[in-house]
Amino acid sequence: MQLILGIITILLALAFYAFLIEPSRLKQRHYLIRKNKQRVLDISDAYDMFAHEGDVTIAHISDMHFSRWFKPRKMNKIIRSVMEMQPDIIVFTGDLIDDYKHWPKKQTDRLIEKLKRLKAPMGKVAVLGNHDYKHGGQYFVKEVLKEAGFTTLVNEEVFGSDAKISMNIVGIDDLSSGKPHYNFDSTLAEWHILLAHQPDQIEAITNLAQYDLVLSGHSHGGQIRLPHLYIKTEGAKRYTESLYLPTKNTILSVNTGIGMTMIPARFGVPPEIVYYHLSNKRQIFENFDGNFNFEKQITEEKNEVPTEEIQNDYNTPDRTTVPLTPINPEKTSDPVKKTEDKVNKVIDINLFRRRYKNKKII
């Protein structure tokens, strides 16, 4: 009898933790990425020591899944974290709401107000996830993000530059619910970043090596994760959490997200925000005098191949025209191809476990 009572007590304690404690936690990960030396440092335990190394800081948020049981007031801790870090750019990689059909409409104004409080001087960029599309919710989500100051990319890209850095960010549509296009040309930007909600989408990108950093979500890390036992989500079966190296020069980061789906619980995978501190250690445009400015470039689906270059007045002295690669509609909806290449996971490279140890970055 005592054994049964003990088991019941343990199960109740685990359920209490999974439903009430862990969803309220917030984990922060910090990576210093030095492009000129092709290094990735996990500086999560001593990020303040290396803040000066980065030219630009990106805050990565994903999978908030706002719903009846996860309301916008839960964002307060996220807002405090982001505002404390003062990132230059904020990116959101999809699944703002869990299901539009069951969304409590009276929470819309509160949601917009909370998202507006996330501020970044270089801008806020987002892509849509599969849950954003449920019951036609993509139109609602895009309008909410627009009202909150986000630029939503659906098979589009933005380019911006200032005296410290030049950056091109591509956002592709969701794999299962949208119509993703994968053909984007390399640009003159110093950094090329790709936003894709489902990480397994990268298997369909033939020119993946042109991107320095790919940011995804979707997996939730399994959401309920026991030792060596968790459920892998379709679209995130190959890449589930943390960092990967799919090509020699491309880093894939899978964010395990903030919210929950199916059941309002998390276990072994606390909500997280990931910060990337990008470092060039050299000036991009020495004579630049102005503010960082993103200009949106749209890749449209067309039946005929365009023959002329599209003119863009980008905020950089070196680039005046950007050719758009024509999209073949018949190829963009192909399922993700499986490859036999070994996945090399980047785990704790030069991890700094103590605050005042290993200060020098080689």
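Residues numbered from 1 in each chain as written. Predicted model: local features only at pLDDT ≥ 70, side-chain atom pairs only at ≥ 80, totals over all residues. Heavy atoms only, no water.

Per an unreviewed UniProt entry, the chain goes by Calcineurin-like phosphoesterase domain-containing protein and derives from Enterococcus dispar ATCC 51266.

Chemist: Is there a simple way to explain the pairing of strand 8 (residues 166-171) in this structure?
Modeler: Residues in a regular strand point their side chains to alternate faces of the sheet. With six of six residues buried, strand 8 lies mostly within the body of the structure. Alternating positions in strand 8 separate into two faces, S166, N168 and V170 on one and M167, I169 and G171 on the other, with burial throughout. Bridge analysis of strand 7 (residues 156-161) against strand 8 gives six bridges, and the strand direction is antiparallel. The residue of strand 8 that forms the bridge with S161 is S166. Here strand 7 hands over to strand 8 after four residues, the two strands then running antiparallel side by side. One ladder, built from five bridges, connects strand 8 with strand 9 (residues 191-195); its direction is parallel. Within the sheet, the bridge partner assigned to G171 lies in strand 9 and is L195. (Buried < 20%, exposed > 50% of the residue type's maximum accessible area, 1.4 Å probe, protein only. Helix = DSSP H or I, 4+ residues; strand = E, 2+ residues; numbered from the N terminus. Pairing = 2+ DSSP bridges.)

Chemist: Sorry, what's going on with the pairing of strand 4 (residues 89-93) here?
Modeler: Most of strand 4 is tucked away: five of the five residues are buried. Of the two faces of strand 4, the one lined by I89, V91 and T93 and the one lined by I90 and F92 are each fully buried. Bridge count between strand 3 (residues 56-61) and strand 4: four bridges; the pairing is parallel. Within the sheet, the bridge partner assigned to H60 lies in strand 4 and is V91. Note that the unit made of strand 3, helix 3 (residues 76-85) and strand 4 has a crossover that is right-handed. As defined by bridge partners, strand 4 adjoins strand 5 (residues 123-127) across five bridges and the pair is classed as parallel. Note that in strand 5 the partner of I89 across the bridge is G123. Note that the unit made of strand 4, helix 4 (residues 108-116) and strand 5 has a crossover that is right-handed. (Right-handed = clockwise from strand over helix to strand, strands pointing away.)

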